[in-house]
Protein chains: 2
Amino acid sequence: MKTRILSEEDLRACVPNDPDALSAIENGFTWLLEGRVEMPPIMHFDVAARKEVDVKGAVVRGEPAFAIKIASGFYDNPARGLASCSSSFVILDSETGMTRAICVDNGYLMDLRTGLAGAVSVKHMARKSASRLGVIGTGTQARWQARCINLVRPLTKIVAFGRNTDALATYCAEMTQELGVPVEAASSPAKVLSSTDMTVTTTPSKQPLVTANMIPPGHHITAMGSDMPGKRELAPNCLERADIIGCDDIDQCLNNGELQQLSGQRDTVVPLGALTSGAVHLDRPDHAISICDLAGTGVQDTAIALLALDRAEEAGLGTLVN
Amino acid sequence: MKTRILSEEDLRACVPNDPDALSAIENGFTWLLEGRVEMPPIMHFDVAARKEVDVKGAVVRGEPAFAIKIASGFYDNPARGLASCSSSFVILDSETGMTRAICVDNGYLMDLRTGLAGAVSVKHMARKSASRLGVIGTGTQARWQARCINLVRPLTKIVAFGRNTDALATYCAEMTQELGVPVEAASSPAKVLSSTDMTVTTTPSKQPLVTANMIPPGHHITAMGSDMPGKRELAPNCLERADIIGCDDIDQCLNNGELQQLSGQRDTVVPLGALTSGAVHLDRPDHAISICDLAGTGVQDTAIALLALDRAEEAGLGTLVN
């Protein structure tokens, strides 16, 4: 029983940011809704101050394999010239438990699956006509969210805000070049929201950056930065103002996401799986305000890993060990 | 930043079952006692009936790297000609979170670190003159415990019991050849204990196999089979009869090990780290009965993985990826 070792280069080759990868993540959310997923609580290591590791994963009944992802966030890395976040995926055979493959992805698959969840939320919740994207934050996910959302709502403009003005300028220059659309810097979150159709928040903030009065009618917000108790990007009145609230996984969002501040609306929160599966048809008037909270789920890891495994086996990619 | 991929063959070459590996595991228990270890609860996946995966790991402050181990137990595998258990270790840099190495060990390192914990318990708790080993069970750990205990108490005889008489005969034949000492089959656990100086129990039993009246004066028992709620190999009166009770990790043993049945003796349980560090000097008269409960700890995974990493880097073993 050989184990296939896939490098970042292999993974970039076999799982690009494209509609197939988007479908894989949509399927993941559908599996969640169908109750086919065994997803234990996140395993968390406090390595040291500003250094943490999370382990996520999900078994999906009926699928031939499943993934466990080890993701690190070491927030002083940039000062050493290294990315803050990295990851690797161990893919196990569902029938034998043997290690089918290991993705030494350096964060690539993780970033992609996270960006694609943002795209899924926008595809199913934002106005069809939305084409101007607001971005709060200037880091890795500020890039990935824009790349992936561009798959589902071809963008005509991006307006970005970040506290670090150098990082903001770099973001605007790089993303203008990469996506071929104007990417403008804004001087506040309010200005981002007022000049766009939809906004994605991508920061690790513990203080709200967006308040209800900033949200124009018809706007969609995907809040994907909050993934731990105590983090929040939206003021509580944003959730109160929203006509529609969605999320990736209700339990995880109540513990780790923006829904930590939800009061008594739990029954009205729509899981993305209800939309991807077609179980719920969302009535979304053009003037409605919608918010989707993403905490990040292990089922996304298994969904993207299964696509990588299929493609890599078919193409004979990687190095076989043992 | 390259990641070193180590195969089972690499790992067998650089971390054999020897006194250095034993010392590594002893150090692990010492780290636990010193309070240097961050060890979150086990992450458990119920994949399906008789199919489970456990994730364990430990950060050790002051050490340059740490390991997270993914271990599978798929108990119908033998019918397919496969081992029930497998594993892989992801080794992360403590300063950057980058993936330093991945051990695709097929269970080798896991089995070794588990066997060595048995050896540590015997080294520090059994009579110095003990040389006759009883073994309950005939599986993988029945082999590894004998191999590793032979490092610390050179064996003159092994007496084994297992319900499957074919498996028992195979065990006796194979281990006689491997260790060069007589390995005899016994017809009951009672006969194992009555003809040996120390016994290791290695089964996944949920019913007690050993009762207090079977334990001769001076005997030592290492119970390493129980590692989940509901499992037990010893009747509760064994713990009551014991003069000395030890364990690898008190919290884990109270939840998952024989100590689930402990009543009110918690304060008297000696952690192995107290013995390996020398913090406690055990007064062990030759007639005393001692029992050590091993549930298996993430710190053993990091301890053995650090040894593998050091040796592999020094020898340039493995394949570099990325």
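Above this text is the structure in question.
Residues numbered from 1 in each chain as written. Chains lettered and ligands numbered in written order. Predicted model: local features only at pLDDT ≥ 70, side-chain atom pairs only at ≥ 80, totals over all residues. Heavy atoms only, no water.

1. A look at the pairing of strand E13 (residues 244-247) of chain B
All names here are of chain B. A two-sided burial pattern is seen for E13, the buried positions comprising Ile244 and Gly246 on one face and Ile245 and Cys247 on the other. Relative to strand E15 (residues 290-293), E13 runs parallel, the two sharing four bridges. Directly across from Ile244, in E15, lies its bridge partner Ser290. The handedness of the E13 to strand E14 (residues 270-271) crossover, carried by helix H8 (residues 250-256), is right-handed. (Buried < 20%, exposed > 50% of the residue type's maximum accessible area, 1.4 Å probe, protein only. Helix = DSSP H or I, 4+ residues; strand = E, 2+ residues; numbered from the N terminus. Pairing = 2+ DSSP bridges. Right-handed = clockwise from strand over helix to strand, strands pointing away.)

2. A closer look at the environment of Gly246 of chain B
Mapped onto the elements of the fold, Gly246 of chain B is located in strand E13. Dropping the residues within four chain positions of it, Gly246 of chain B is found in contact with Met125, Val269, Val270, Ile291, Cys292 and Asp293 of chain B. (Contact = heavy atoms within 4.5 Å.)

3. Things to note about the state of the cysteines
Residue and element names in this part refer to chain A. Taken as a whole and judged by the stated rule, the model has zero disulfides over all chains. Cys14 carries a free sulfur, and the closest cysteine sulfur to it, the one in Cys103, is 7.7 Å from it. Among the residues examined, Cys14 registers a relative accessible area of 6% and is labelled buried. Lacking any disulfide linkage, Cys172 is separated from the closest cysteine sulfur, that of Cys148, by 19 Å. The exposure class assigned to Cys172 is buried, which follows from its relative accessible area of 7%. (Disulfide = S-S within 2.5 Å.)

4. Some details on the interface of chain B and chain A
On the chain A side, the residues contacting the 46 residues of chain B number 46 residues. By the criterion of area lost to chain A, the three top residues of chain B are Met43, Phe45 and Asn322 of chain B, representing 15% of everything that side buries. Counting the contacts that link chain B with chain A gives two salt bridges. Of the charged contacts in the structure, one is a salt bridge between Glu95 of chain B and Arg80 of chain A, with a shortest N-O distance of 3.0 Å. Between chain B and chain A we count 14 residue pairs in polar contact (both at pLDDT 80 or more) in total. Of all the elements in the fold, those that place two or more residues in the side of chain B that touches chain A are strand E1 (3-7), helix H1 (8-14), strand E3 (43-48), strand E4 (51-60), strand E5 (65-74), strand E6 (85-93) and strand E7 (99-104) of chain B. (Buried area = accessible area lost by both parts, 1.4 Å probe. Salt bridge = Lys/Arg side-chain N within 4 Å of Asp/Glu carboxyl O. Polar contact = N/O pair within 3.5 Å; in protein donor to acceptor, adjacent residues only side chain to side chain.)

5. Some remarks on the relation of the copies chain B and chain A
Screw-axis analysis of chain B against chain A gives a translation of 0.0 Å along the axis, an RMSD of 0.0 Å, and a rotation angle of 180 degrees. Expressed as an axis order, the relation between the two copies is that of a two-fold axis. For chain B, the smallest separation between a C-alpha atom and the rotation axis is recorded for Met43 of chain B, amounting to 3.1 Å. A high fraction, 100%, of the interface residues of chain B reappear at the interface in chain A, so the copies pair face to face through one surface. (Least-squares fit on C-alpha atoms with pLDDT ≥ 70 in both.)

Any functional reading would require information that these geometric values do not contain.
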